[in-house]
Amino acid sequence: QVQLVESGGGLVQPGGSLRLSCVASGIIFSIYRKAWYRQAPGKERELVAVITGGGTINYADSMKGRATISKDNAKNTVYLQMNNLKPEDTAVYSCNFWLSGLDYWGQGTQVTVSS
């Protein structure tokens, strides 16, 4: 059974940093495309960052220069480091693993940026 478990969310002040983690189990970790998405209240879910099985990385324009996606194959974990957080980054962040129609999601972790 595939399971994705996120952690690392929380309340942070504007300008602060957070590192989100997503631990995968029941899956061949290395071959999947791994991504972080976010959804704010009343808004559509949007892609934040993605890393392919081959290691190609892309970011949403809003996160370029402020986010870093990385992975540790030995720990079956994908990370999202976010710096200089802004109130508009407030959302539920979810990890996603995709491969040829196989689509798995974590339960999400809340990130709130507020003073």
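Here the structure is shown first, and the text comes after it.
Below is a short write-up of the structure. Please read these numbers as outputs of a predicted model, since none were measured by experiment.

**A look at the nonpolar core**
Phase 1: The biggest cluster of nonpolar side chains holds 27 residues, and the ones touching the most others in it are Trp36, Leu80, Met82, Tyr93 and Phe97.
Phase 2: Mapped onto this core, the elements with two or more residues apiece are strand S3 (18–25), strand S5 (46–51), strand S7 (67–72), strand S8 (77–82), strand S9 (91–99) and strand S11 (109–113).
Phase 3: Excluding anything up to four places from it in sequence, Leu80 contacts Leu18, Arg19, Leu20, Trp36, Val48, Ala49, Ala67, Thr68, Ile69 and Tyr93.

**Some words on the sheet that holds strand S1 (residues 3–7)**
Phase 1: Across the sheet, 4 strands lie side by side as S1-S3-S8-S7; this open sheet has antiparallel pairing. Single-partner strands in this sheet number two, and they are S1 and S7. Across this sheet, the average inter-strand angle for adjacent strands is 15 degrees, counted without regard to direction.
Phase 2: Note that S3 and S8 share 6 bridges and pair antiparallel. Across the sheet, Arg19 pairs through a bridge with Gln81, a residue of S8.

**With respect to unusual backbone geometry**
Phase 1: Phi at Asn76 is positive, roughly 50 degrees, even though this residue is not glycine.
Phase 2: Considering the arrangement of structural elements, one finds Asn76 in the loop between S7 and S8.
Phase 3: Here Asn76 falls in the partly exposed class, since its relative accessible area comes to 23%.
Phase 4: Notably, Ser100 is not glycine yet its phi reads approximately 50 degrees, a positive angle.
Phase 5: Inspection of the secondary structure puts Ser100 in the loop between S9 and strand S10 (102–105).
Phase 6: The exposed category is assigned to Ser100, whose relative accessible area is 65%.

**Here's the deal with the pairing of S8**
Phase 1: A large share of S8 lies buried, amounting to 5 of its 6 residues.
Phase 2: Direction of pairing for S7 relative to S8: antiparallel, over a ladder of 6 bridges. Bridge pairing in S8 links Thr68 to Gln81.
Phase 3: A loop of 4 residues connects S7 with S8, the two strands running antiparallel in sequence, and Asn76 in this loop sits at a positive phi of about 50 degrees.

**Considering the pairing of S3**
Phase 1: Here S1 runs beside S3; their pairing, made up of 5 bridges, is antiparallel. Paired with Leu4 across the two strands is Ala24, which belongs to S3.

**Notes on the packing of aromatic side chains**
Phase 1: This structure, assessed with the given rule, holds 4 aromatic pairs.
Phase 2: Seen from their ring centres, Tyr32 and Phe97 are 6.3 Å apart, and the 40 degrees between their planes marks the pair as tilted. With Tyr32 in the loop between S3 and strand S4 (33–39) and Phe97 in strand S9, this pair connects stretches of sequence that are 65 residues apart.
Phase 3: Here Tyr32 and Tyr104 contribute two aromatic rings whose centre-to-centre distance is 6.1 Å and whose plane-to-plane angle is 50 degrees, an arrangement assigned as tilted. Pair noted here: Tyr32 is in the loop between S3 and S4 and Tyr104 is in strand S10, with a separation of 72 residues, a long-range link.
Phase 4: An aromatic cluster is built from Phe29, Tyr32, Phe97 and Tyr104, whose rings are joined through pairwise contacts.

Procedures and definitions
- Residues numbered from 1 in each chain as written.
- Predicted model: local features only at pLDDT ≥ 70, side-chain atom pairs only at ≥ 80, totals over all residues.
- Heavy atoms only, no water.
- Core = buried A, V, L, I, M, F, W, Y, C linked by side-chain atoms within 4.5 Å.
- Buried < 20%, exposed > 50% of the residue type's maximum accessible area, 1.4 Å probe, protein only.
- Helix = DSSP H or I, 4+ residues; strand = E, 2+ residues; numbered from the N terminus.
- Contact = heavy atoms within 4.5 Å.
- Pairing = 2+ DSSP bridges.
- Axes fitted to C-alpha atoms, helices over the stretch in contact; angles between N-to-C directions.
- Phe/Tyr/Trp six-rings, centres within 6.5 Å; stacked < 30°, edge-to-face > 60°.

It is worth stressing that arrangement in space is one thing and function is another; only the former is reported here.
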